Amino acid sequence: MIINGFDEKMNSEINARMQSPDWDLNIASKVIERRNKKIKRNFYALSSFSLLATAAVVVIAVFINTTPVKMNDVEIFISKQVEETHKIVFKEKYSNNMMTVSYTEDSNDPIDNLILTALTRR
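Numbers given for residues are sequential positions, taken from 1 along each chain in its written order. Only residues with pLDDT of at least 70 get local features here, since the model is predicted, and only at 80 or more are side-chain atom pairs given and counted; chain-wide, interface and lining totals rely on the full set of residues. With hydrogens and water excluded, all non-hydrogen atoms of the structure serve as input to the side-chain values.

Description of the overall build of the protein
Helix and strand labels come from DSSP, where a helix needs a run of H or I of at least four residues and a strand needs a run of E of at least two; each type is numbered from the N terminus. If you tally the helices and strands in the protein, you get four helices and zero strands. When the helices and strands of the protein are read in sequence order from the N terminus, they spell out α-α-α-α. Three exposure classes are used, based on accessible area relative to the maximum for each residue type with a 1.4 Å probe and protein chains only: buried under 20%, partly exposed in between, and exposed over 50%. Counting only residues that meet the buried cut, the protein has 7% of its 122 residues in that class. Throughout, a residue-residue contact means that at least one pair of heavy atoms, one from each residue, lies within 4.5 Å. A separation threshold of at least 6 residues defines the contact pool for the protein, and within that pool the share at least 24 residues apart is 53%. Accessible surface is estimated by sampling points in the Shrake-Rupley manner with a 1.4 Å probe; for residues, cover comes only from the protein chains shown. Within the structure as shown, the protein displays about 11,200 Å² of accessible surface, and the carbon and sulfur contribution to it stands at 61%.

Comments concerning helix H2 (residues 21-64)
Compared with the 64 Å implied by 1.5 Å per residue over 44 residues, the 63 Å span of H2 between its first and last C-alpha is a close match. Between the side-chain oxygen at the start of H2 and the backbone nitrogen of Asp 22 there is a gap of 3.4 Å, and the oxygen is on Ser 20. One less than the residue count of a helix, multiplied by 1.5 Å, gives the span that helix is expected to have. Here a polar contact is recorded for every N or O atom pair within 3.5 Å, except that within protein the pair must consist of a potential hydrogen donor and a potential acceptor, and residues adjacent in sequence are included only if both atoms are side-chain atoms.

Things to note about the pattern of salt bridges
Each salt bridge in this description consists of a side-chain nitrogen of Lys or Arg and a carboxyl oxygen of Asp or Glu lying within 4 Å of one another. Enumeration according to the criterion identifies one salt bridge in this entry. Between Glu 13 and Arg 17 there is a salt bridge, and its shortest N-O distance comes to 3.6 Å. In this pair, Glu 13 and Arg 17 are both assigned in helix H1 (residues 2-19), four residues apart and thus about one turn of the helix distant. Taking the relative accessible area as the measure of exposure, Arg 17 reaches 36% and is therefore partly exposed.

Details of the packing of aromatic side chains
Side-chain rings of Phe, Tyr and Trp (the six-membered ring for Trp) are treated as a pair once their centres are within 6.5 Å; stacked means planes under 30 degrees apart, edge-to-face means over 60, and tilted covers the remaining angles. Inspection of the entire model under this criterion finds one aromatic pair. Sitting above the plane of the Trp 23 ring, Arg 17 keeps its charged end 5.0 Å from the centroid. Cation placement over rings: the criterion is NZ of Lys or CZ of Arg within 6 Å of the ring centroid and within 35° of the ring normal.

Some words on a positive patch on the surface
A patch consists of residues whose relative accessible area exceeds 30% and which take part in no salt bridge; residues with like charges are grouped when within 9 Å of each other, and nonpolar side chains (Val, Leu, Ile, Met, Phe, Trp, Tyr) when within 5 Å. Counted charges follow a simple rule, with Lys and Arg positive, Asp and Glu negative, and His plus the chain ends left uncounted. Lysine's charge is taken at NZ, arginine's at CZ, aspartate's at CG and glutamate's at CD. A grouping of Lys 30, Arg 34, Lys 37, Lys 38 and Arg 41 is seen on the molecular surface, where their side chains present a positively charged patch. Note that Lys 30 resides in helix H2.

Side note on the confidence of the model for the protein
pLDDT is a per-residue confidence score from the predictor, ranging from 0 to 100. Of all residues in the protein, 76% have pLDDT values of 70 or greater, and the mean over the chain is 77. Within the protein, helix H4 (residues 110-121) has the poorest average pLDDT of any element, 73, and H2 the best, 90. Across residues 97-104, where pLDDT falls below 50, the model places eleven contacts with residues more than four positions away in sequence or in other chains.

Observations regarding a nonpolar patch on the surface
Taken together, the side chains of Val 58, Val 59, Ile 60, Val 62, Phe 63 and Ile 64 define a hydrophobic patch exposed on the protein surface, amounting to about 590 Å² of accessible area. Take Ile 64: it is sitting in helix H2. Since its relative accessible area comes to 62%, Ile 64 is described here as exposed.

Here it is in structure tokens:
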């Protein structure tokens, strides 16, 4: 008997809600609210991901992808400049033992040509 009373009460509540226009509006508004909430959450997640990707691209472009200055090339350039200048300034007293330069001499080297051109213009 308790089960029959429960079934009757349940059926009457279901019928009352099925016939009520307020219940339809309440359910529809909650469905739309959940849908909008889900869309906002997806939009914020996508925005966060795109912002993170942009930041990663900037970090890679600025810090990781830069070509480091080769110190060996700079040292060779400066050593060649100093040696050639020393040869020209101290023609009589120049000695190969005065400086040790750590480079291999190449007559077609563009650095050599630059140094010689600069020294001849002085």
